[in-house]
Amino acid sequence: MLDADVQPEPTAAPATPARPGPTRPTPAAIGALRPLSLDSVSLSPSGQLGQWQARNAAATLPHCIAQLDRAGALNNLRRLTGEHDGPHTGMWFSDTDVFKTMEAAAWELADPRADPDLRAFLDGTAELLARVQDTDGYLNSYVMAERPDRRWHDLHWSHELYCAGHLFQAAVAAARVGVGQVIQDVARRLADLLVERFGPAGTEGLCGHAGVETALVELYRTTGHRPYLDLAQLFIHRRGRGLLDPERFGPTYLQDHVPVREATEVAGHAVRQLYLLSGVVDVAVETGDTALLAAARRLWDSAYLTKTYVTGAHGSRHRDEAYGDPYELPPDRAYGETCAAVASVHWNWRMLLAEGHRRYADELERVLFNALAGASSLDGVRFFYSNPLQLRTGHDGSDEDAPGQRLPWYSCSCCPPNLARLMASLHAYTATAAADGLQLHLYAAGTIQAQVRGRPVTIAVRTAYPWSGRIALEVRAASAEPWTMSLRVPAWCRSHRLDAAGAEVAYTDGYLRLTRDWSAASVVLDLDLPPRLVAAHPHVDAVRGCLALARGPLVYCLEQADLPAGVRLEDVRLDPDAPLGTTAMPGGPPEAVALTATGSVSPAGPAEPYRDPTIPPGGPATPLPLTAVPYFLWGNRDPGPMRVWIPTG
Ligand SMILES: [Zn+2]
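Now for a description of the structure that goes with this document. Remember, it's a predicted structure, so these values are computed and weren't measured experimentally. (Residues numbered from 1 in each chain as written. Predicted model: local features only at pLDDT ≥ 70, side-chain atom pairs only at ≥ 80, totals over all residues. Heavy atoms only, no water.)

On to helix α9 (residues 226–238), then. End to end, α9 covers 18 Å across 13 residues, agreeing with the expected 18 Å (1.5 Å per residue, within 8%). Those residues of α9 lying buried are Tyr228, Leu229, Leu231, Ala232, Phe235, Ile236 and Arg238. On the buried face of α9, the contacting elements are α6 (160–177), α7 (181–198), α8 (212–223), α10 (270–287) and α11 (290–306). The first or second residue beyond α9 is Gly240, which carries a positive phi of 90°. (Helix = DSSP H or I, 4+ residues; strand = E, 2+ residues; numbered from the N terminus. Expected span 1.5 Å × (residues − 1). Buried < 20%, exposed > 50% of the residue type's maximum accessible area, 1.4 Å probe, protein only. Contact = heavy atoms within 4.5 Å.)

Quick look at the structure:
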């Protein structure tokens, strides 16, 4: 947090030239809002988002780099140059672990204080890729070494284009930050090969795992080379026309069962669906395709009104890592892959830029503070792949598909480097610009330095959000010309107070719109954060009769660690009529706020699973004070049962 007596410089300009961050629509693109440059926002490590970003730089990213060697992902590339002798190890798409980690390193290198080892990793790995790359531009360690005669033959399953997409994203980050020419050259050669092979003059292929679409659009945005955008558009057009071999998973798994424009429901593999929809929005806004954008909006309604967990997690079936039916949201068998949470941030950010509505920023916040933050341990080096909302007593956590605690790496380790690349660029997702001024979507301690109508503006943000709802802003603008600063009031917030003397205030679409001369001004927004109960839609049968606890953007859970010895979590009931309170989190970070509630414990009766309903289910209920902890902090103490949804009867 900034010191209270530190004031922003009245006409401070960004210390470095404006560099684009992730997602940079061209000026011609459809867009209600525009992203700020990568250098416009700096997060203070004293705030929650800044703390996560600092932890990512200090712990998660170095851990990922070390794991690339340990798990063999780098050796899979080195064996093609004779620098390593051994079999391919890990998944056949392990190149993406390398590419995502390179992207994270590139974003991190935007900070002049970044560890120089990151630059050595980025450059050294890019040189390795250049040595591996075929003369025609082809690059995929698994296919090149193991199935050289199957290039582009098994697109439904090979992940060749998916891998290429992650390489392009790393190259885009390097280009925008201004580091690493080699990776950009490698990416361009492969992208040009894709255009030749799959463009209008090539064959009608597409990838079984979406992701290359959004990467191609970003590469177009960075290079100005239109064929990349055209190819992304073609890939989206081709999906849903039965061009992919459905093999054992079926076409829905691949989102190949219906063209995107006709789809009414998100379906199939959740990460693929969400990556696809990010690409759909990118193509729609760059090509002015309002019908395609409407399809994305329609699918957003399907995803977020009927298929999203209260933590913001996506994917309710372990089988196929897939979406279930509407309202099929079992808490104990929730899949909720971490990559789906990352992809949800990507998609909502794009929808927010395109349309400017609060609901997208609300979802971005929900998934960030719950599913996404919960995927990482407090020390930043252990991770969940699946993110359940309940862990039962007696759970067999030996399978990495549903472990009882976070693991340092996975046999399919797509998630940790995905977290690393998002966290390294997290500051870019907090605020935007529009013709009338600036919009603050995510509240985080730090500084915003931007241009409004070509004149510098500095906003110092002081807040302990999400633990406190107070957001204090000190604004300095070089010009006295009035403009509008918009502050999001999240949908969960039922009351707020605003101290913005001198400003004209309007409230539209969930944003407080403050208009005034900002040459020297202060604003304090207080979002009330009383602990609250959350009920699920009646069709979510799996949690019927249960309530969840929340405060501000945070969802809470009960953990075995907070129960008296001998009390089994499944025997605990919540009294919905008793008052809720706050307290410090036992054994948690000092700033963390836990909730207090009142409940009871009633030991389950006979072991038989079914009974005559006139017979009471258990022994007499004993009152029990309850302590609930933020979901994102679960599993950081002794491993044990956990639940978000608590029975009330
Ligand atoms: Zn993953």
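The subject of this paragraph is the packing of α6 against α8. Relative orientation of the contacting elements α6 and α8 amounts to 30°, with a least axis distance of 8 Å. Between α6 and α8, the angle falls in the class roughly parallel. Here α6 runs over α8; the crossing is left-handed. The residues of α8 that touch α6, namely those facing Leu161, Gly165, Phe168, Gln169, Val172, Ala175 and Arg176, are Val212, Thr214, Ala215, Leu216, Glu218, Leu219, Arg221 and Thr222. Residue composition of the contact of α6 with α8, grouped by class: 8 nonpolar, 4 polar and 3 charged. (Axes fitted to C-alpha atoms, helices over the stretch in contact; angles between N-to-C directions. Parallel < 35°, antiparallel > 145°, perpendicular 65-115°, else oblique. Left-handed = near helix turned anticlockwise from the far one by under 90°. Nonpolar A, V, L, I, M, F, W, Y, C, P; charged D, E, K, R; others polar.)

Here the focus is the coordination of the zinc ion. The protein atoms donating to the zinc ion are Glu337 (OE), Cys339 (SG), Cys414 (SG) and Cys415 (SG), with metal-donor distances spanning 2.1 to 2.3 Å. Every donor counted, the 4 donor atoms about the zinc ion form angles of 96 to 118° at the centre, which fits tetrahedral coordination. Mapping the donors of the zinc ion onto the primary sequence gives the spacing E-x1-C-x74-C-C. One end of the pair, Cys339, is in helix α12 (residues 338–355); the other, Cys414, is in the loop between β3 (390–391) and α14 (415–424), and 75 residues separate them in sequence. For the pair Cys339 and Cys414, one class covers both residues: buried. (Donors = N, O, S within 2.8 Å, 3.2 Å for Na, K, Ca; no water. Tetrahedral: all angles 85-135°; square planar, octahedral: opposite > 155°, others 65-115°.)

In this fold, Ser302 is placed in helix α11. A relative accessible area of 9% places Ser302 in the buried class. With near-sequence residues (within four places) excluded, Ser302 lies in contact with Thr264, Glu265, Val266 and Lys307.

Below, the discussion takes up the pattern of salt bridges. Taken as a whole, this structure holds 36 salt bridges when the rule is applied. Asp134 serves as the salt-bridge partner of Arg151, at 2.7 Å between the closest nitrogen and oxygen. Note that Arg151 is positioned in the loop between α5 (141–146) and α6 and Asp134 in the loop between α4 (116–132) and α5, a separation of 17 residues in sequence. Relative accessible area serves as the criterion here: at 21%, Arg151 is assigned to the partly exposed category. Looking at Asp134, the relative accessible area reads 27%, which means it is partly exposed. Arg239 serves as the salt-bridge partner of Glu213, at 3.4 Å between the closest nitrogen and oxygen. With a gap of 26 residues between them, Glu213 in helix α8 and Arg239 in the loop between α9 and α10 connect regions that are remote in the sequence. (Salt bridge = Lys/Arg side-chain N within 4 Å of Asp/Glu carboxyl O.)

Along the chain, Ser425 turns up in the loop between α14 and β4 (431–434). What Ser425 contacts, discounting residues up to four positions off in sequence, is Pro22, Gln53 and Trp107.

Here the focus is the state of the cysteines. Scanning the model with the defined rule gives 0 disulfides in all. Looking at Cys207, it has no disulfide partner, and the nearest cysteine sulfur is the one in Cys163, 8.0 Å off. By relative accessible area, which is 1% here, Cys207 ends up buried. Its sulfur unpaired, Cys412 is 3.8 Å from the next cysteine sulfur, which belongs to Cys414. (Disulfide = S-S within 2.5 Å.)

The next thing to look at is the environment of Ala57. Within the fold, Ala57 resides in helix α1 (residues 48–70). With 52 residues separating them in the primary sequence, Ala57 and Leu109 have C-alpha atoms 9.9 Å apart.

Below, the discussion takes up the nonpolar core. One finds Phe168 and Trp347 to be the most contacted residues of the largest nonpolar core, which totals 221 residues. When residues no more than four places from it in sequence are discounted, the contact partners of Trp347 are Leu274, Leu277, Ser278, Val281, Ala296, Leu299, Trp300, Ala303 and Tyr304. (Core = buried A, V, L, I, M, F, W, Y, C linked by side-chain atoms within 4.5 Å.)

This brings us to the environment of Ala444. Within the fold, Ala444 resides in the loop between β5 (437–440) and β6 (446–452). Between the C-alpha atoms of Ala444 and Thr463, which are 19 residues apart in sequence, the distance is 6.4 Å. Contact partners of Ala444, with chain neighbours within four places excluded, come to Leu43, Leu49, Val461 and Thr463.

It is worth spelling out the sheet that holds strand β11 (residues 504–508) at this point. Taken together, the 6 strands give an open sheet; going across it, the order is β1-β4-β5-β9-β12-β11, and neighbouring strands pair in mixed fashion. A strand with exactly one partner marks an edge of an open sheet, and here the two such strands are β1 (34–35) and β11. Those strands touched by helix α13 (residues 358–374) are β9 (483–488), β11 and β12 (511–516), and its axis lies near 50° from that of β9. (Pairing = 2+ DSSP bridges.)

Geometric descriptors of this kind do not, in isolation, establish any biological role.
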